[in-house]
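Below, each chain spelled out in residue letters.
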Amino acid sequence: MIDYENLRKANEPFFQDYQQSFIRLLESGWFILGGTVKQFETEFAAFNGNKYCIGVANGLDALILCLRALHIEKGSEVIVPSNTYIATILSILQCDLIPVLVEPDIRTYNIDPNEIEAAITKKTRAIMVVHLYGKSCEMDTIAAIAKKHNLSLIEDCAQSHGARHKGKMTGTFGYGAFSFYPTKNLGCLGDGGAVTTDDEIFAGKIRMLRNYGSDKKYYNEVVGYNSRLDEIQAGFLSIKLKHLHEITEHKRTLATLYHDGLKNEFIRPQVHPDYYDVFHIYNIRHPKRDALKEYLLQHEIKTDIHYPVAPHKQKAMSGVLLKQKFPISEEIHATTLSLPISYCHSKSDVQRVIDVLNKF
Ligand SMILES: *Cc1c(COP(=O)(O)O)cnc(C)c1O
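Residues numbered from 1 in each chain as written. Predicted model: local features only at pLDDT ≥ 70, side-chain atom pairs only at ≥ 80, totals over all residues. Heavy atoms only, no water.

*Asks:* Looking at this structure, I do not really get the nonpolar core. What am I missing?
*Replies:* Buried together is how nonpolar side chains tend to be arranged in soluble globular proteins. Residues Leu67, Ile154, Phe202 and Ile206 are the most contacted members of the largest nonpolar core, which totals 31 residues. When residues of this core are assigned to their parent elements, the largest contribution, seven residues, is made by helix H4 (residues 59-69). When neighbours within four sequence positions are excluded, Phe202 is seen to be in contact with Cys66, Ala69, Leu70, Tyr175, Val195 and Thr197. Membership of the second largest hydrophobic core comes to 22 residues, among which are Leu254, Phe279, Tyr295 and Ile341. (Core = buried A, V, L, I, M, F, W, Y, C linked by side-chain atoms within 4.5 Å. Buried < 20%, exposed > 50% of the residue type's maximum accessible area, 1.4 Å probe, protein only. Helix = DSSP H or I, 4+ residues; strand = E, 2+ residues; numbered from the N terminus. Contact = heavy atoms within 4.5 Å.)

This is the structure we're talking about:
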């Protein structure tokens, strides 16, 4: 059986380093906001090319804290892609803001920059983009639109650690919100997240918001949260970060095998020299997606669907978004299939998936 993902296997190369780090932290007796978090923040900021990185509890919180730090008045509108994981939209709703969904480009699955300006109203305050599957959005165009209309720009980088557009890292165009959930390209062994920015004042606000609104212990300046990255996860993340390039290159090699090996009947992700894609997910599209998934399973190959139900079709969105129509997003949700592309997969695993797929 080829798993879709196997987190034990994907983490096995780091077990020894993880164990040493865990024992060191256990014996230190310091578990929250200490030197290990600080060190990871410095390392991740350097990796991404940002001045500041602030560790938080998870990716959803990273998005929420970005919106909170911007002090956007309740009822304002935030532009967001219709084709995303629901967490992006939840962050907007959690801050009592209105998500205005914009359709994706069917070739990239990311927000269509040509559709953004039509969605801007007097109430729009921010654009929240998502670099879905590990491909950057068209950030030069989007950053120019944000600037022209004086809108804040937040990037959901939960799937895009290390992805670049025209050589520039995701999370450096606007405020970057990262997740370190175990399956992400840079995943820890629990929950984790971070915010990246070059703006010192914004960084200070996030640092306060994550820790009860406090800068100095027992002195609270704003109504904050408890949303901290813990020392043990930060220790694991520092170890994995050293190997992130290797993990990404492994995924890119597997993606090239799929790209070159799969027959044209399968719609593959767009490859373009302006984009350095990190393939958090490698998806194909096919009109008989469900039959294809079943066929692969019969041949002992597990796949996944990202995502089976579009956000605006979720029950949680009743009364919020359900009445609107997003046909491109729905088309993607109905036809997309995610193929195995983890650090735990070998080239021969992927070759087997290709051989089986080409006989469909
Ligand atoms: C995983 C993910 C999130 C949420 O991250 P958590 O750490 O699970 O809270 C947000 N947005 C996208 C696009 C994601 O893939």
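Once you've had a look at it, read on.
*Asks:* Can you help me understand the packing of aromatic side chains in this one?
*Replies:* Two aromatic rings, taken as a pair, are described by how far apart their centres are and by the angle between their planes. A full pass over the atoms with the stated rule returns 14 aromatic pairs. Look at Tyr109 and Tyr133: their rings are 5.8 Å apart centre to centre, the planes differ by 65°, and that puts the pair in the edge-to-face class. Of the two residues, Tyr109 sits in the loop between strand E3 (98-102) and helix H6 (116-119) while Tyr133 sits in the loop between strand E4 (124-130) and helix H7 (139-148), which places them 24 residues apart along the sequence. Since its relative accessible area comes to 5%, Tyr133 is described here as buried. Among the aromatic residues, those joined into a cluster by ring pairs are Phe40, Phe44, Phe47, Phe178 and Phe180. Just above the ring of Tyr219 sits the side chain of Lys216; from NZ or CZ to the centre is 4.4 Å. (Phe/Tyr/Trp six-rings, centres within 6.5 Å; stacked < 30°, edge-to-face > 60°. Lys NZ or Arg CZ within 6 Å of the ring centre and 35° of its normal.)

*Asks:* What exactly am I supposed to notice about the site of the ligand here?
*Replies:* Close to the ligand lie Asn58, Gly59, Leu60, Tyr85, Ala87, Thr88, Val130, Asp156, Ala158, Gln159, Ser179 and Lys184. Taking Gln159, its side chain carries an N or O atom lying 2.8 Å from an oxygen atom of the ligand. Within the contact set of the ligand, an oxygen atom lies 2.7 Å away from a side-chain nitrogen or oxygen of Lys184. Taking 380 Å² as the accessible area of the ligand by itself, protein coverage stands at 90%. Where the shell around the ligand is concerned, the elements lending two or more residues are H4 and helix H5 (86-94). Residues belonging to the shell around the ligand are distributed by class as follows: five nonpolar, five polar and two charged. (Near = heavy atom within 4 Å. Polar contact = N/O pair within 3.5 Å; in protein donor to acceptor, adjacent residues only side chain to side chain. Areas by Shrake-Rupley, 256 points an atom, 1.4 Å probe, with all protein chains shown as cover. Nonpolar A, V, L, I, M, F, W, Y, C, P; charged D, E, K, R; others polar.)

*Asks:* I'm lost on the sheet that holds strand E9 (residues 193-197) in this one. Help?
*Replies:* What holds strands together in a sheet is hydrogen bonding between their backbones, with the strands either parallel or antiparallel. Spatial strand order, E1-E9-E8-E5-E4-E2-E3: seven strands in an open sheet with mixed pairing. One side of each edge strand has no neighbouring strand; the edge strands of this open sheet are strand E1 (52-56) and E3. The mean angle between the axes of side-by-side strands here comes to 25°, regardless of whether they run parallel or antiparallel. Here strand E5 (residues 152-156) runs beside strand E8 (residues 175-179); their pairing, made up of three bridges, is parallel. Bridge pairing in E8 places Ile154 opposite Tyr175. (Pairing = 2+ DSSP bridges. Axes fitted to C-alpha atoms, helices over the stretch in contact; angles between N-to-C directions.)

*Asks:* Please explain the pairing of E4 as it appears in this structure.
*Replies:* Where a strand is regular, its side chains alternate between the two sheet faces. Along E4, six of the seven residues are buried, which leaves the element largely enclosed by surrounding structure. In this structure, E4 lies alongside E5, joined through five bridges in parallel fashion. The residue bridging Ile127 from the neighbouring strand is Leu153, located in E5.

*Asks:* Just to check I follow, could you spell out the sheet that holds strand E12 (residues 275-276) for this structure?
*Replies:* On the basis of which strands lie adjacent, the open sheet formed by three strands has the order E7-E6-E12 and antiparallel pairing. Across the chains shown, the open sheet's two edge strands, defined by having one partner strand only, are strand E7 (168-169) and E12. Pairing of strand E6 (residues 164-165) with E7 involves two bridges; the strand directions are antiparallel. Among the inter-strand pairings, Arg164 is bridged to a residue of E7, identified as Met169.

*Asks:* I tried to follow the packing of helix H2 (residues 15-28) against helix H9 (residues 231-241) on my own but got confused; where do I start?
*Replies:* Two packed helices can be described by the angle between their axes and the distance between those axes. The contact between H2 and H9 brings their axes to 9 Å, and the two run at 150°. In terms of orientation, H2 lies roughly antiparallel with respect to H9. At the point where H2 passes H9, the crossing takes the right-handed sense. Contacts between H2 and H9 involve Asp17, Tyr18, Ser21, Phe22 and Leu25 on the former and, on the latter, Glu231, Ile232, Gly235, Phe236, Ile239 and Lys240. Classifying every residue of the contact of H2 with H9 gives six nonpolar, two polar and three charged. (Parallel < 35°, antiparallel > 145°, perpendicular 65-115°, else oblique. Left-handed = near helix turned anticlockwise from the far one by under 90°.)

*Asks:* Whenever I open this one, the domain arrangement of the protein chain confuses me. Can you help?
*Replies:* For interface size, the figure often reported is the accessible area lost on association. For the protein chain, the domain assignment lists domain 1 (7-103 + 111-241) and domain 2 (244-357). Distance between the C-alpha centres of domain 1 and domain 2: 24 Å. Carbon and sulfur atoms make up 62% of the area that domain 1 and domain 2 hide from each other, which totals about 3000 Å². Where domain 1 meets domain 2, there are one salt bridge. The shortest N-O distance in the salt bridge between Lys135 and Asp277 comes to 3.1 Å. (Domains from an automatic or database assignment. Buried area = accessible area lost by both parts, 1.4 Å probe. Salt bridge = Lys/Arg side-chain N within 4 Å of Asp/Glu carboxyl O.)

*Asks:* Quick question: what am I supposed to make of unusual backbone geometry here?
*Replies:* Leaving glycine out, the prevailing phi sign among residues is negative, and the prevailing peptide bond configuration is trans. Looking along the chain, the bond that leaves His306 and enters Tyr307 is cis, with omega of 10°. Within the fold, Tyr307 resides in the loop between helix H11 (289-298) and helix H12 (327-335). Even without being glycine, Asp96 reaches a positive phi, approximately 55°. When you line up the elements, Asp96 lands in the loop between H5 and E3. Unlike most non-glycine residues, Tyr133 shows phi in positive territory, near 65°.

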